[in-house]
Amino acid sequence: MNDFAERLIAWQRSHGRHDLPWQGGHDPYRIWLSEIMLQQTQVDTVIPYYARFLARFPDVASLAAAPVEDVMALWSGLGYYARARNLHRAARDIVDTHGGCFPGSAAEIAALPGIGRSTAAAIAAFAYGERAAILDGNVKRVLCRIFGVEGFPGDKAVENRLWALAESLLPASETGRYIQAQMDLGATLCTRGKPACGRCPFADDCVARRENRIGELPTPRPKKAVPRRSARYAVILRRDAVLLERRPPAGIWGGLLALPEIPAGIDDAGAWARTHFGLECAEASPLAPLTHTFTHFVLDMQPVLLRAGAASPPAAADDGALCWLPLPALGEAALPAPVRKILDVLAAPDLFAQ
Ligand code: SF4
């Protein structure tokens, strides 16, 4: 198909998206932020986060100067928190090693933390008009369907074939619009579930449509069982505050405030709280369980409510790793979504009346 890019660009002009908040400018910082937020996340979800983030951190310098806790708090609820940590690290790299100027090519951008080849290409194309191919999940799906590419796109060999195809299709000019067109086609027409083939500019050429194989292309990931684990979490209340601990920077919920996990094999949660935190707690009572799905496993969470008596020593006071978070500050705290869900349920006034 010799005119792939031409047709796609023409389609974008009349049917693509033109008024998203991050469109219309060439500021690499804003483009970078939007590209990172849009990874694994729907546009509608991203828009309010993007606005709040930019209001607080309007440029690389302000982001680099901020404590990471502030960045995590603004990201709270958006998920995939490594994105926020890497954003902050990359901002500091830009200040430290690029004199505060955003790198000027896809290759240099790809060297920053948390920015892969495809995202770097998109930023360089939108900001500088660089001619570089992208290959995100949407583009993989579209290419697999139109050109009938077989094999799971996560496999290295298949991915390499797709990169070569994506590069061979690049237009000589208008790379920014072409990349936007690829994103728009994947997000609005050639969707995962029910693609709108009737409105697609490639309806007559698309292998998946012609051979009635839309459900088979792209080839799904080979199935393997998703591991499941369960854990109990202590919801320790003392007056109007809940005890939270900051997670280590790496691993799940890295850098966020979370409920302390009660180690496996502990029967008496009250005795554990006494030994572990020096708190005298009234009898523990289980709260409604919650299941949370991560990328690689499913976590069954059993929260356990413990009330620290007023006479409890103020052990576990704010020391960096542990803190008593006043309940009115819950809204602004950097909490993972399932922890917020547990605490929101608890926010009934009668529970905190003591
Ligand atoms: S014809 Fe249908 S399946 Fe093929 S690219 Fe267009 S929307 Fe996707």
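Residues numbered from 1 in each chain as written. Predicted model: local features only at pLDDT ≥ 70, side-chain atom pairs only at ≥ 80, totals over all residues. Heavy atoms only, no water.

For the protein, the name recorded in an unreviewed UniProt entry is Adenine DNA glycosylase, with Thauera linaloolentis as its organism. If you open the UniProt record of the protein and go to Function (unreviewed entry), you find "Adenine glycosylase active on G-A mispairs. MutY also corrects error-prone DNA synthesis past GO lesions which are due to the oxidatively damaged form of guanine: 7,8-dihydro-8-oxoguanine (8-oxo-dGTP)." (UniProt positions renumbered as here; feature names shortened; annotations may be inferred.)

Novice: Help me get a handle on the pattern of salt bridges, residues and values and all.
Specialist: Throughout the structure, instances matching the rule amount to 16 salt bridges. Put simply, aspartate 27 and arginine 30 hold a salt bridge, and the shortest N to O gap is 3.7 Å. Here glutamate 159 ties to lysine 156 by a salt bridge, and the two come within 3.4 Å at their closest N and O atoms. In this pair, glutamate 159 and lysine 156 both sit in helix α10 (residues 156–169), three residues apart, roughly one turn of the helix. By relative accessible area, glutamate 159 is classed as buried at 17%. Through salt bridges with shared partners, a single network forms among Glu150, Glu211, Arg213 and Glu216. (Salt bridge = Lys/Arg side-chain N within 4 Å of Asp/Glu carboxyl O. Helix = DSSP H or I, 4+ residues; strand = E, 2+ residues; numbered from the N terminus. Buried < 20%, exposed > 50% of the residue type's maximum accessible area, 1.4 Å probe, protein only.)

Novice: Provide a residue-level description of the nonpolar core, including the pertinent values.
Specialist: The nonpolar side chains of soluble globular proteins are, as a tendency, buried together. Counting 106 residues, the largest nonpolar core has Trp32, Phe53, Trp75, Val242 and Leu343 as its most contacted members. Examining the composition of this core, we find that eight residues originate from one element, helix α8 (residues 117–128), more than from any other. When residues of this core are sorted by domain, at least three fall in each of domain 1 (4–210) and domain 2 (228–352). Setting aside its immediate chain neighbours within four residues, phenylalanine 53 contacts Tyr29, Leu33, Met37, Leu63, Val71, Leu74, Trp75 and Leu87. The next biggest cluster of nonpolar side chains, apart from the first, holds 16 residues, and it includes Ala234, Ile236, Trp272 and Phe277. (Core = buried A, V, L, I, M, F, W, Y, C linked by side-chain atoms within 4.5 Å. Domains from an automatic or database assignment. Contact = heavy atoms within 4.5 Å.)

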